[in-house]
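# Structural overview
The lines below spell out each chain.
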Amino acid sequence: MDILAELNHAQREAVEAIDGPVLILAGPGSGKTRVITHRIAYLIRVCGVSPYHVMAVTFTNKAAREMVERLGQLVNYAVKDLTIGTFHALCSRILRREGEAIGIDARFVIYDAADQISLLKHSLQELNLDPKQYAPVALSSAISSAKNNLLSPDDYRQRGRSYFDEIAARVYEHYQQRLRESGALDFDDLLMMTVLLFRQNPEVLSRYQLLYRHLLVDEFQDTNLVQYALIKQIGDKYRNICVVGDPDQSIYSWRFADLRNILSFENDYPDTKIIFLEQNYRSTKVILETASQVISVSQSRYHRGKLKQLWTNNEAGELVTVVETYTEQEEAQFVVSEIERLVSHGQCSLGDCAVMYRTNAQSRAIEETFIRYGMPYRLVAGTRFYERREVKDIIAYLRLIQNRRDSVSLLRVINVPPRGIGEQSQTRLSVWAKSLGMSSYEALRLLAKETPFSPHITKPLAAFYDMLEKLIERSQELSLVDLFDFVIGRIDYKGYIFNVPDGEERWDNILELRSVAQEYRGLPPSEGLTAFLEGVALVSDIDNMEEGASAATLITLHKAKGLEFPVVFIVGMEDGLLPHFRSIDDPTQMEEERRLFYVGVTRAKKKIYLARAFRRNLMGRSMITVPSRFLNDIPRDKIAPMLSGWQEEKSAVEASLSSWSKPSIYSTDVRDSYSRNRISPIPSITLCNLKVGDRVRHSQFGEGVVVSCQSVKDDMEATIAFDGQGVKKLLLSFARLEKV
DNA sequence: CGAAAGGCTCTTTTT
DNA sequence: GAGCCTTTCG
């Protein structure tokens, strides 16, 4: 198979330019992933480069996995010798191996955002600072920004401009000390420490420079300063660095991503070859032109005097559908019934459809409606699996086994399940430990010999210590799953969790976690534990998204980056949501909101819907909304006249279009001003002869018994207890129910 | 000590 | 409307 075949001119150029620095500016759907994979295949198969010498950095684990998969088809077995992963995963791997040089124990644990906040709160307490005055999240953001700019606490203090900065520097210093004592690194540390490691140990750096002679960086527009520093360190010797990105899709400035990295790259490597990928293979002309119009309003998009101009040979396609509904429930209903219409007309499958929104909170109304109508969906995140309390509890035990010094985990589980170690005991323990200048865990160990407290305090503490030591001892010989079971059994987590609300569901999550642990069964005890903890620390929701599921996808605009769907609904097209109100008075942030919208529109291949609700519940309060200003930038001739059945009068659409500059918030009569695009009830199609006690079958939920039936508006709602699936409420006109 | 209840504050986006 | 924190009571 010819690697260069089926590539267009620009793509081919990008694949063949293997010597020296290359900057690829790739518009959405321009075959970026194809270029990266083919480039790697070209390096290996045509240029004879050893796969060991190639490192590719992606934004998510999912992207890495996909790349591995595609490369597997191009280079076969050689794929296993390639280094492909996220910045965080790659850094973690390097630090496990080399961290000792800068005093990092190979058994370090990784703290996520929640662990970070928890540790910060303890820091505040020890520094006698009021968390109300100095919000932990604000401090965490300040510290994160410092780390992402490679600033030590001292550097940070010197640059500080305000009293808050002074405090933040103090907290940063203390927090960092606590991390070190705990043998823990936070997400930002993974990157920063690797850069510091290389800085302070040229001989280590040199080894990695020799190893990774060809670097590829995906989503370069979303890299931050540390990440760039790292690339530059490793790539500086051979200078075979290929970065791929699209400034128009830069949506992570709040994570300190810095578009200036693109300029720095060109400055640092003046011989950079710049390649534009401008042909779009993904979307229809209508979608692409809509997107181009939306982004064209954005400032400073020229690159060295050239403006990236996307074009496509694809068909014109269907016009954009813009819909206003009365409430967010109706908005969701519109989405569901429209998907139902498309699917039943054979225009697309359920899995082809995606619903995208600005904030996670918006998913609820949508989800409820999907459930109500019995339409299968998959939600990408919400509360992340690994952020669930019960999951974190068990992970904390396992982390403690891996690394006794992990103070956040210790504090998390010291009284979970309750074992008589209340707040009083905990405070006493930590005060005592501090007075001895040791960690809480060391103090626990000492407790057997010295007993500074009364027995009713000492006893449970000592028992807890003994139990942990027992767990650690067993961890040497048990496989991961056996260890998992041993821990659960030893603390009787099942008994505990079944006595808290939603106990059964929580227990299911534990079993789910157990099945993740099972994936590591091939590894020896301690290795399995480390790999498992590493895995759970660095996965994201998007990584677990199943491909080709027969369900609609519900996803935030941010997470949708890099994905594509034939049919896309963007909901919540309102000022305050998109653009988000926190961005509205800052022009720079507004640009980013616009790019976020652009990312959403360019996910669509065939058809895009933009929906908004006239009234929306925000923070528990019902608000009248203002149409998103971004709607004004959509070319009028690309907007479809309303769908029949969803439209009361065509002129209302015109009215709504022209009224976008005049926010309807000033209307005196809410109901009256809401006249456009009212949704009609979903037509009743199927059976209404259903009785309580009937057995029915549903395509998704299997068989069940009708528990109750009631009429809702023009429809019937049945409550059905499905065998092993729980009780669901379904609308009969919608759910495909069969009588058994 | 711990369970339960009431009060508070936010809600952007995530490796 | 939810999660987190504090207070209160047994």
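Here the structure is a predicted model, which is why all the values come from computation and not from measurement.

## Quick look at unusual backbone geometry
The step from Val416 to Pro417 runs through a cis peptide bond, and the omega angle for that step is -10 degrees. Structurally, Pro417 is set in the loop between α17 (407-413) and α18 (423-435). A cis amide bond links Leu578 with the next residue in sequence, Pro579, at an omega value of 5 degrees. With respect to the helices, strands and loops of the structure, Pro579 is situated in the loop between β16 (574-575) and α26 (587-601). Backbone geometry places Glu6, a non-glycine residue, at a positive phi of 65 degrees. Its place among the elements puts Glu6 in the segment before α1 (9-16). Located in the positive-phi region is Leu150, a residue other than glycine, with phi close to 60 degrees. For Leu150, the location among the structural elements is in the loop between α6 (136-148) and α7 (153-159).

## What about the packing of helix α16 (residues 389-402) against helix α20 (residues 455-475)?
Orientation of α16 relative to α20, taken along the N-to-C sense of each, is 75 degrees, at an axis distance of 9 Å. Judged by the inter-axis angle, α16 sits roughly perpendicular to α20. Residues Tyr397, Leu400 and Ile401 of α16 lie in contact with α20, whose contacting residues are Phe464, Met467, Leu468, Leu471, Ile472 and Ser475. Its residues assigned to classes, the contact of α16 with α20 shows eight nonpolar, one polar and no charged.

## Structural notes on the sheet that holds strand β14 (residues 552-556)
Reading across from one edge, β11-β17-β15-β12-β14-β13 is the order of the six strands in this open sheet, with parallel pairing throughout. Lying at the two open borders of the sheet, with one neighbouring strand each, are β11 (321-325) and β13 (377-379). If you compare each strand with its neighbour and ignore which way they point, the axes differ by 20 degrees on average. With five bridges connecting them, strand β15 (residues 565-570) and strand β17 (residues 604-613) associate as parallel partners. Bridge assignment links Phe569 to a residue of β17, and that residue is Tyr609. Against the sheet, α26 touches β12 (353-357), β15 and β17, its axis set at about 130 degrees to β17.

Conventions we followed
- Residues numbered from 1 in each chain as written.
- Chains lettered and ligands numbered in written order.
- Predicted model: local features only at pLDDT ≥ 70, side-chain atom pairs only at ≥ 80, totals over all residues.
- Heavy atoms only, no water.
- Helix = DSSP H or I, 4+ residues; strand = E, 2+ residues; numbered from the N terminus.
- Axes fitted to C-alpha atoms, helices over the stretch in contact; angles between N-to-C directions.
- Parallel < 35°, antiparallel > 145°, perpendicular 65-115°, else oblique.
- Contact = heavy atoms within 4.5 Å.
- Nonpolar A, V, L, I, M, F, W, Y, C, P; charged D, E, K, R; others polar.
- Pairing = 2+ DSSP bridges.

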